Amino acid sequence: MTAEMIAPEWMHRQITSEQYDSWTDEQCAGIEIVDGMVVVSPSASKRHNRLARLLANALDEAGGVDWNADTDFDVRLQDVPLNNRRPDVVVYRADTIDESPTRPDHVLLLVEVVSPGSETTDRVVKSDQYAKAGIPFYWRVEQAAGRVPIVHTYVLDEAGAAYRAGELFTGLVKAAVPYPVTVDLSGL
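Note that the coordinates shown come from a computational prediction; the quantities given were computed from them, not determined experimentally.

## Structural notes on the sheet that holds strand S8 (residues 137-142)
Then step 1. Ordered by their spatial adjacency, six strands build an open sheet running S3-S6-S7-S8-S9-S10, and the pairing between neighbours is mixed. Sheet topology places strand S3 (67-70) and strand S10 (162-170) at the edges, where each strand pairs with a single neighbour. Between one strand axis and the next, the sheet turns by 15° as a mean value, whatever way the strands run.
Then step 2. The pairing of strand S9 (residues 150-157) with S10 spans seven bridges and is classified as antiparallel. Bridging from a neighbouring strand, Val155 pairs with Arg164 of S10.
Then step 3. Helix H5 (residues 119-133) contacts strand S7 (107-114), S8, S9 and S10 of the sheet and is inclined by roughly 170° relative to S7.

## Looking at the pairing of strand S6 (residues 89-93)
Then step 1. By the criterion of burial, S6 is predominantly enclosed, with four of the five residues buried.
Then step 2. Taken together, the four bridges between S3 and S6 define a ladder with antiparallel strand orientation. Bridging across to S6, Trp67 finds its partner in Arg93.
Then step 3. Inspection of the sheet shows S6 paired to S7 by four bridges, in the antiparallel sense. In the sheet register, Val90 faces S7, and the bridge partner there is Leu110.

## Quick word on the nonpolar core
Then step 1. If you look at the biggest cluster of nonpolar residues, it comprises 26 residues, and the most contacted ones within it are Leu55, Leu59 and Trp139.
Then step 2. The leading source of residues in this core is helix H4 (residues 46-63), at six residues.
Then step 3. With residues near it in sequence (within four places) discarded, Leu55 still touches Val89, Val111, Trp139, Val141, Val183 and Leu185.
Then step 4. Counting 14 residues, the second-largest nonpolar core is a separate cluster that includes Phe73, Val107, Ile135 and Tyr138.

## Re the pattern of salt bridges
Then step 1. In the structure shown here, the tally under the stated rule is 13 salt bridges.
Then step 2. Connected via shared salt-bridge partners are Glu32, Arg85, Glu112, Asp122 and Lys126.

## Details of the environment of Asp128
Then step 1. One can find Asp128 in helix H5.
Then step 2. Note on Asp128: relative accessible area 36%, which makes it partly exposed.
Then step 3. Taking the C-alpha atoms as reference points, Asp128 and Tyr179, 51 residues apart in sequence, are found 24 Å from one another.

## A word on H4
For the α-helix, the turn length of 3.6 residues means that residues three or four positions removed from each other point alike.
Then step 1. With 18 residues, H4 should reach 26 Å at 1.5 Å per residue; the first-to-last C-alpha distance of 25 Å fits that figure.
Then step 2. Listed as buried for H4 are His48, Leu51, Ala52, Leu55, Ala56, Ala58, Leu59 and Gly63.
Then step 3. Among the structural elements, S3, S6, S7, S8 and strand S12 (180-184) are those in contact with the buried residues of H4.

## Let's talk about unusual backbone geometry
Then step 1. Of note, the bond from Ser100 into Pro101 is cis; its omega dihedral lies within 30 degrees of zero at 5°.
Then step 2. The residue after Val177, namely Pro178, is reached through a cis peptide bond having omega 5°.
Then step 3. With respect to the secondary-structure elements, Pro178 resides in the loop between strand S11 (172-176) and S12.
Then step 4. Even without being a glycine, Asp72 presents a positive backbone phi close to 65°.
Then step 5. By secondary structure assignment, the location of Asp72 is in the loop between S3 and strand S4 (75-78).
Then step 6. Judged by relative accessible area, Asp72 falls into the exposed class, the value being 56%.
Then step 7. Of note, the phi angle at Ala161 is positive, near 50°, even though the residue is not glycine.

Cut-offs and rules
Residues numbered from 1 in each chain as written. Predicted model: local features only at pLDDT ≥ 70, side-chain atom pairs only at ≥ 80, totals over all residues. Heavy atoms only, no water. Pairing = 2+ DSSP bridges. Helix = DSSP H or I, 4+ residues; strand = E, 2+ residues; numbered from the N terminus. Axes fitted to C-alpha atoms, helices over the stretch in contact; angles between N-to-C directions. Contact = heavy atoms within 4.5 Å. Buried < 20%, exposed > 50% of the residue type's maximum accessible area, 1.4 Å probe, protein only. Core = buried A, V, L, I, M, F, W, Y, C linked by side-chain atoms within 4.5 Å. Salt bridge = Lys/Arg side-chain N within 4 Å of Asp/Glu carboxyl O. Expected span 1.5 Å × (residues − 1).

Printed below as a string of structure tokens:
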């Protein structure tokens, strides 16, 4: 069995931003582009999706008219080589809702819900990429079946282009992003 039999040819070569932008929504679903290469992610669990949705809803409500919070769309971190990530929750300026792709200067906060198999990517790789792109806030949510999720918050240190640890929340999240947000995750 050859690699071509497992994955289509386009997954074995570097993708440009122009090529990616010409793809259909169906082709882009469930993938990220890292250093121009396609990275396919398995479907998230129901627990993962519910947690992301609860966070997005609370962040959206807290953001008022200035900020939107949504799930399941691309954030273009850089064009060359193409780095296109699909965070679990994106808080972005409301006035950029029709702009595509979403760029780092549109974004206030990115949230990643860690799942089995994504631990290193969410804890190290994405954190570094988001900081270098200048995203002001990053939250990493650790979840385990039968346990209350833990939310690790990070604030960008612009001088070092790296995140510094912020508050840690278990169950009830009461944070500022810079607006105040409260969400109860204890029932998950």
